[in-house]
Amino acid sequence: SQQGEEDPQALSIQEGENATMNCSYKTSINNLQWYRQNSGRGLVHLILIRSNEREKHSGRLRVTLDTSKKSSSLLITASRAADTASYFCATLRGANNLFFGTGTRLTVIP
Amino acid sequence: DAGITQSPRYKITETGRQVTLMCHQTWSHSYMFWYRQDLGHGLRLIYYSAAADITDKGEVPDGYVVSRSKTENFPLTLESATRSQTSVYFCASRQEGRETQYFGPGTRLLVL
């Protein structure tokens, strides 16, 4: 069973708009990570936020974490067509078990 | 620098056959992982390895066997393939003490 669930399952926006994806999880975590997967490719790590952090930035990415609600959000600002991909949250339980959600499929329309 | 590679990229096999998926990484990462990706399930961990000759089960290990005789290689074997093992398989690796995993391009396996 998944540890994380993303919402929405699919999102379509115009280039230049912001995209927000949400992730909910069920148990205590050490950290939460976001990955991107382009069609037919492997996953690429985007950003990691630790359980004692509330917000983190990396370029056009902003991640928040609310451990009381067991939820996280990924914001991509000023989206580009190249951001079209599936985005997954993953939670680390223990030292090695990384549990992935089912992903949000983002389409950015030029 | 090749990074992490998987072979074959595509494989069609029949029920009951043995098939081995290969994973090779050039970073000397101590940890390696095998995941399967299915619609509606995201990625699920099959097996992982902390070092050569050290392996452990993940979330969905049944029907799979792994070995790790060399740090750089982590083959995944389906001893008797079943249709339910039709999936996309991803290998990943990470450094000791780091939390980011690096993924290979995947192997698409179809079991007829």
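Presented here is an overview of the structure given in this document.

Scoring rules and cut-offs
- Residues numbered from 1 in each chain as written.
- Chains lettered and ligands numbered in written order.
- Predicted model: local features only at pLDDT ≥ 70, side-chain atom pairs only at ≥ 80, totals over all residues.
- Heavy atoms only, no water.
- Helix = DSSP H or I, 4+ residues; strand = E, 2+ residues; numbered from the N terminus.
- Rg over C-alpha atoms; globule rule 2.2 N^0.38 Å.
- Buried < 20%, exposed > 50% of the residue type's maximum accessible area, 1.4 Å probe, protein only.
- Contact = heavy atoms within 4.5 Å.
- Salt bridge = Lys/Arg side-chain N within 4 Å of Asp/Glu carboxyl O.
- Disulfide = S-S within 2.5 Å.
- Pairing = 2+ DSSP bridges.
- Axes fitted to C-alpha atoms, helices over the stretch in contact; angles between N-to-C directions.

**Let's talk about the overall build of chain B**
A count of helical and extended segments in chain B gives 0 helices and 11 strands. Scanning chain B from its N terminus toward the C terminus, one meets helices and strands in the order β-β-β-β-β-β-β-β-β-β-β. Here chain B has a C-alpha radius of gyration of 13 Å; the compact-globule value for 112 residues is 13 Å, and the two agree. Counting only C-alpha atoms, chain B reaches 40 × 25 × 25 Å along its principal axes. For chain B, the residues scored as buried account for 49% of the 112 residues in total. Sequence-distant contacts, at least 24 apart, represent 55% of the contacts inside chain B between residues at least 6 apart.

**Some words on unusual backbone geometry**
All names here are of chain A. Across the junction of D7 and P8, the peptide omega takes the value 0°, indicating a cis bond. Of note, P8 is situated in the loop between β1 (4-7) and β2 (10-14). Phi at K70 is positive, roughly 55°, even though this residue is not glycine. Mapping K70 onto the fold places it in the loop between β7 (61-66) and β8 (71-76).

**Considering the pattern of salt bridges**
Once the charged atoms of two side chains with opposite charge are near each other, the side chains can pair. Applying the stated criterion to the full structure yields 6 salt bridges over all chains. In this structure, R60(A) and D83(A) form a salt bridge, with 2.9 Å as the shortest nitrogen-oxygen distance. Within this pair, whereas R60(A) is found in the loop between β6 (55-58) and β7, its partner D83(A) is found in the loop between β8 and β9 (85-93), the two being separated by 23 residues in sequence. Residue D83(A) is classed as buried on the basis of its relative accessible area of 9%. Here E14(B) and R17(B) are joined by a salt bridge, their closest N and O atoms 3.4 Å apart. For E14(B), a relative accessible area of 45% puts it in the partly exposed group.

**Quick word on the state of the cysteines**
Per the stated rule, a full pass over the model turns up 2 disulfides over all chains. Between the sulfur atoms of C23(A) and its disulfide partner C89(A) the distance amounts to 2.0 Å. Judged by the sign of its S-S torsion, about 70°, the bond between C23(A) and C89(A) is right-handed. With C23(A) in strand β3 (residues 19-25) and C89(A) in strand β9, this residue pair connects regions lying 66 residues apart in the sequence. With its sulfur 1.8 Å from that of its partner, C23(B) forms a disulfide with C91(B).

**Here's the deal with the sheet that holds strand β7 (residues 64-66) of chain B**
Strand pairs in the sheet, formed through backbone hydrogen bonds, run parallel or antiparallel to each other. Residue and element names in this part refer to chain B. Strand order across the open sheet formed by 4 strands is β1-β3-β8-β7, with antiparallel pairing between neighbours. Of all the strands in the sheet, just β1 (4-7) and β7 have a single pairing partner and so form its edges. The mean angle between the axes of side-by-side strands here comes to 20°, regardless of whether they run parallel or antiparallel. Inspection of the sheet shows β7 paired to strand β8 (residues 76-78) by 3 bridges, in the antiparallel sense. From the neighbouring strand, V65 faces β8, where its bridge partner is T77.

Without other data, these values stay purely geometric and don't point to any function.
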